[in-house]
Amino acid sequence: LPISKSTSDYMETSTDRISVIIPTFNRAYCIARAVESVIAQTFKNLEIIAVDDGSTDSTADVLKKFGDKITLIRQQNRGVSAARNTGIRAARGNWIAFLDSDDCWHPEKLERQFDAITKYSAKICFTRSVSDQNEPFRDIEFVSSRLQEPGVFYVQNAVDAVSISPRHPMIQTMLA
């Protein structure tokens, strides 16, 4: 879990909420798996915002089946970045996490990241990505960091470190 320390102290409160933003386009065949992986999180104080970016398949119908467990926003197709931005504008949490509509998370992902952010007064935390076969992607080992504790690496300046790295963490691993 690479983390980057905040410039100001952070204190955990009972109102800490994570807004999970899932941009999607024509993913009726896999979007339910992504949403279910968020619903299964051990960290429960979250909102799920799915942004349907102009799908022409039954993506919206699949999402509607989740009822009030998610907020569904439909917009004309403008691309994944515009869909993420729409989700950010709608978010009510004080933390943001992104999940691509064809991916899923391990059940403890958000809890473990939130614990690391709280423990180290960080503003951002990202994790390693793994394939469906549980094989790690080579994404974060190129980011300059130092071992903070087993499994936790500290990044002095996350933006600079990620910018100059030949590979970067995947956005769906980030909590900010």
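These remarks concern the structure in this document. Just so you know, these numbers come straight off a predicted model, no measurement behind them.

## A look at the overall build of the chain
Within the chain, the regular secondary structure consists of five helices and nine strands. Counting from the amino terminus, helix and strand elements in the chain follow one another as β-β-α-β-α-β-α-β-α-β-β-β-α-β. The burial tally for the chain puts 48% of its 176 residues in the buried class. Restricting the contact set of the chain to residue pairs at least 6 apart, pairs at least 24 apart contribute 72%.

## What about the nonpolar core?
Residues Ile 18, Val 20, Ile 22, Val 38 and Leu 110 are the most contacted members of the largest nonpolar core, which totals 27 residues. Secondary-structure elements contributing two or more residues to this core are strand 2 (18-24), helix 1 (31-39), strand 3 (46-53), helix 2 (59-64), strand 5 (95-98), helix 4 (109-119) and strand 6 (122-126). Those residues in contact with Ile 22 that lie beyond four places of it in its chain are Ile 31, Val 35, Val 38, Ile 48, Ile 49, Ala 50, Val 51, Leu 99, Asp 100 and Ser 101. Among the nonpolar cores identified, the runner-up in size contains 10 residues, and Ile 49, Ala 91, Ile 96 and Ile 124 belong to it.

## A short note on the side chain of Gln 41
As for its position among the elements, Gln 41 is in the loop between helix 1 and strand 3. Among the polar contacts made by the side chain of Gln 41, one reaches the main-chain amide nitrogen of Lys 109 at a distance of 3.5 Å. Dropping the residues within four chain positions of it, Gln 41 is found in contact with Leu 46, Trp 105, His 106, Pro 107, Glu 108, Lys 109 and Leu 110.

## A few points about the pattern of salt bridges
Counted by the stated rule, this structure contains three salt bridges. Arg 84 is the salt-bridge partner of Asp 100, the closest N and O atoms lying 2.8 Å from each other. Taken together, the residues span a long stretch of sequence, with Asp 100 in the loop between strand 5 and helix 4 and Arg 84 in helix 3 (residues 80-90) at a distance of 16 residues. For the residue pair Asp 100 and Arg 84, the accessibility class agrees, reading buried in each case.

## Description of helix 3
Considered for burial, the residues of helix 3 that qualify are Ala 82, Ala 83, Arg 84, Thr 86 and Gly 87. Next to the buried residues of helix 3 lie strand 2, strand 3, strand 4 (71-75) and strand 5.

## A few points about the environment of Pro 107
As for its placement among the helices and strands, Pro 107 is situated in the loop between strand 5 and helix 4. As a C-alpha pair, Pro 107 and Phe 43 span 64 residues in sequence and 8.5 Å in three-dimensional space. Each residue touching Pro 107, except ones within four places of it in the same chain, is listed here: Ala 40, Gln 41 and Thr 42.

## Here we look at unusual backbone geometry
Although it is not a glycine, Asn 26 adopts a positive phi angle of roughly 50°. Take Asn 26: it is sitting in the loop between strand 2 and helix 1. Taking relative accessible area as the criterion, Asn 26 reaches 23% and is therefore assigned partly exposed.

Quick notes on the rules
Residues numbered from 1 in each chain as written. Predicted model: local features only at pLDDT ≥ 70, side-chain atom pairs only at ≥ 80, totals over all residues. Heavy atoms only, no water. Helix = DSSP H or I, 4+ residues; strand = E, 2+ residues; numbered from the N terminus. Buried < 20%, exposed > 50% of the residue type's maximum accessible area, 1.4 Å probe, protein only. Contact = heavy atoms within 4.5 Å. Core = buried A, V, L, I, M, F, W, Y, C linked by side-chain atoms within 4.5 Å. Polar contact = N/O pair within 3.5 Å; in protein donor to acceptor, adjacent residues only side chain to side chain. Salt bridge = Lys/Arg side-chain N within 4 Å of Asp/Glu carboxyl O.

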